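# Commentary on secondary and tertiary structure
Below, each chain spelled out in residue letters.
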Amino acid sequence: MIKKETLPNGMTVVTESIDYANSVSMGIWVKAGSRGETAEMAGISHFLEHMNFKGTERRSAKELAEVLECRGGSLNAYTTKEYTSYYCQVVEEDFRLALDVLADLYLHSQFREEDVTKEKNVVLEEINLYEDSPEDLVIDMLNEVFWGSHPLARPILGYEKTVNAFTSQDLFHYRNRSYLPQNTILAVAGKIDHEAILEEAAKLFGDFGRNASDLSFPSPLCHSGKITAEKDIAQEHICLGYPGVSIFHPDYYALVLANEVLGGGASSRLFQRIREEMALSYSVFSYITAYRDCGMVSIYAGTSKGKGETVHSLCLEEVGELQRNGISAEELDKLKGQISGGMRIGLDSIGSRLNRLGRNELYYGRSVPIEEVVASINRVTNEDIVRVAREYMAEDKAAYAFLGGKHESTGGSKDATVALV
């Protein structure tokens, strides 16, 4: 059973009791991600996530790392474009300890200047790791051309220049501005009692209060065009981006199905055509990114040197086929079963339930039953898939990123060539 309460300070607490579970998963979701950063502060949401594990008033960094692990539990976090999440999993009798640890790192991290200096090196190594991953790099290039000057164009990790400039004062200022009670959700799933969770949350977070700030940011515009880069790597990597929709848009589920049939798995058309039939790629897929007010449909493929344009053309052919003919009734039924079945299987995981609980509250302000999602998927018709493929995946709306050897651009509204060493 799912229950929800709002603490007097505006913080939301939502729980799901699962009697058969032997553990408890809990997490904090805060509406603070990289799209809320200024250009000068690019990467600070992610850096703050790192620094929240570097010591509090009561625990050192080592103690934060050990306190749950030594009891078989786990503690972690991640940053996205629109939110940051801190989460853990413990045995049921340790739920109070886990809540205390989450509250401690979320509210009481110290951001000592010497720790800031050390952690910069860690994050710069993480940036270097991404720079050495062509798949990640070409996706970042696509975001750059597609989102233009909007913060969504910037990598979540930020840049070497911005990270090196962060100070302890910057972290305190950003936390006080963004980590507000009304922006914070505590979600708990597993073998728990809602009232016990609520009582502990009130003790730990009840005094949590900061002045509200204006966190609104303008919606982005989508841009077509091309960007190419030369890098000494074994493959050529391509990425296509089309305007998508927000997570709230009526066409969202039609685009979800269109994406699945196009490149969502091993049975998808891109995979079957480019990898299985043509043997031109090991990794080829499409995916949807949906934010509060916008979105993108993307296609990625990696292939041998000199074959990038061929793979690019094949991707366009499969998009065109979907726009002209859609899918058969049999394919559509299989697709709906695949998606709804995958969601139901996910309910067997306490961690997946926690993630649904937190994200649903973050975006919708309520628990969205699986049955409601399945019903939305089942309402999608072949005509809907054809319509959204034509409307959103038009070739003249596409952004294109290429990473590899020398590449001749064929024109576009925003062509750029850069050299990567």
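Residues numbered from 1 in each chain as written. Predicted model: local features only at pLDDT ≥ 70, side-chain atom pairs only at ≥ 80, totals over all residues. Heavy atoms only, no water.

Let us look at the nonpolar core. Across soluble globular proteins, you tend to see nonpolar side chains buried next to one another. L257 and M393 are the most contacted members of the largest nonpolar core, which totals 56 residues. Tallying contributions element by element places helix α9 (residues 252-263) first for this core, with 8 residues. Counting 50 residues, the second largest nonpolar core, distinct from the first, contains A77, L186, V188 and A196. (Core = buried A, V, L, I, M, F, W, Y, C linked by side-chain atoms within 4.5 Å. Buried < 20%, exposed > 50% of the residue type's maximum accessible area, 1.4 Å probe, protein only. Helix = DSSP H or I, 4+ residues; strand = E, 2+ residues; numbered from the N terminus.)

So, on to the side chain of K81. Within the secondary structure layout, K81 lies in the loop between β4 (74-79) and β5 (84-91). Despite being buried, K81 has no salt bridge partner; D140 is the closest side chain of opposite charge, sitting 5.8 Å away. Looking at K81, its side chain comes within polar contact range of the main-chain oxygen of R154, at 2.9 Å. If we skip the residues at most four places from it in the chain, K81 touches G33, S34, R35, N143, L152, R154, I156 and Y291. (Lys, Arg positive; Asp, Glu negative; His and termini not counted. Salt bridge = Lys/Arg side-chain N within 4 Å of Asp/Glu carboxyl O. Polar contact = N/O pair within 3.5 Å; in protein donor to acceptor, adjacent residues only side chain to side chain. Contact = heavy atoms within 4.5 Å.)

Moving on to the pattern of salt bridges. Scanning the model with the defined rule gives 26 salt bridges in all. In this structure, K62 and E66 form a salt bridge, with 3.9 Å as the shortest nitrogen-oxygen distance. With K62 and E66 both in helix α2 (residues 61-69) and 4 residues apart, the pair spans about one turn of that helix. Since its relative accessible area comes to 60%, K62 is described here as exposed. Residues E200 and K203 are paired through a salt bridge, measuring 3.6 Å at the closest nitrogen-oxygen approach. Placement of both E200 and K203 in helix α8 (residues 194-205) is noted, with a separation of 3 residues, approximately one turn of the helix. Residue classification places E200 among the buried positions, given a relative accessible area of 11%.

Helix α15 (residues 382-392) packs onto α9 with a crossing angle of 90° between their chain directions and a minimal axis gap of 9 Å. Judged by the inter-axis angle, α9 sits roughly perpendicular to α15. Here A254, L255, L257 and A258 of α9 lie close against α15, whose contacting residues are D384, I385, V388 and Y392. When the residues that make up the contact of α9 with α15 are grouped by side-chain class, the tally is 7 nonpolar, no polar and 1 charged. (Axes fitted to C-alpha atoms, helices over the stretch in contact; angles between N-to-C directions. Parallel < 35°, antiparallel > 145°, perpendicular 65-115°, else oblique. Nonpolar A, V, L, I, M, F, W, Y, C, P; charged D, E, K, R; others polar.)

What follows concerns the side chain of E260. On the secondary structure map, E260 appears in helix α9. No salt bridge is formed by the buried E260, whose closest oppositely charged neighbour, R269, lies at an N-O distance of 12 Å. Residues in contact with E260, not counting those within four places in the same chain, are G265, S268, L335, Q338 and I339.

With phi around 55°, F111 is a residue other than glycine that occupies positive phi space. Tracing the chain through its elements places F111 in the loop between α3 (95-108) and α4 (113-131). For A279, which is not glycine, the phi torsion reads 55° and is therefore positive. In this fold, A279 is placed in the loop between α10 (269-277) and β9 (281-290).

Moving on to the environment of G308. With respect to the element layout, G308 can be found in helix α11 (residues 308-325). Separated by 144 residues in the primary sequence, G308 and N164 have C-alpha atoms spaced 36 Å apart. Setting aside residues up to four positions removed in sequence, G308 forms contacts with E236, I238, T303 and F402.

Below, the discussion takes up the pairing of strand β7 (residues 225-230). Counting buried positions along β7 yields 5 of 6 residues, so the element is predominantly enclosed. Both β7 and strand β11 (residues 399-404) contribute to a ladder of 6 bridges, which runs parallel. Residue pairing in the sheet places G225 in a bridge with A399 of β11. (Pairing = 2+ DSSP bridges.)

Taking 1.5 Å per residue as the helical rise, α8 with its 12 residues ought to reach 16 Å, and the 16 Å between its terminal C-alpha atoms agrees with that figure. Those residues of α8 not exposed but buried are H194, A196, I197, L198, E200, A201 and F205. Buried residues belonging to α8 abut β1 (2-6), β2 (12-17), β3 (23-30), α3 and β6 (184-190). Backbone nitrogen of E195 and a side-chain oxygen of the N-cap are separated by 3.2 Å at the start of α8; the cap is D193. (Expected span 1.5 Å × (residues − 1).)

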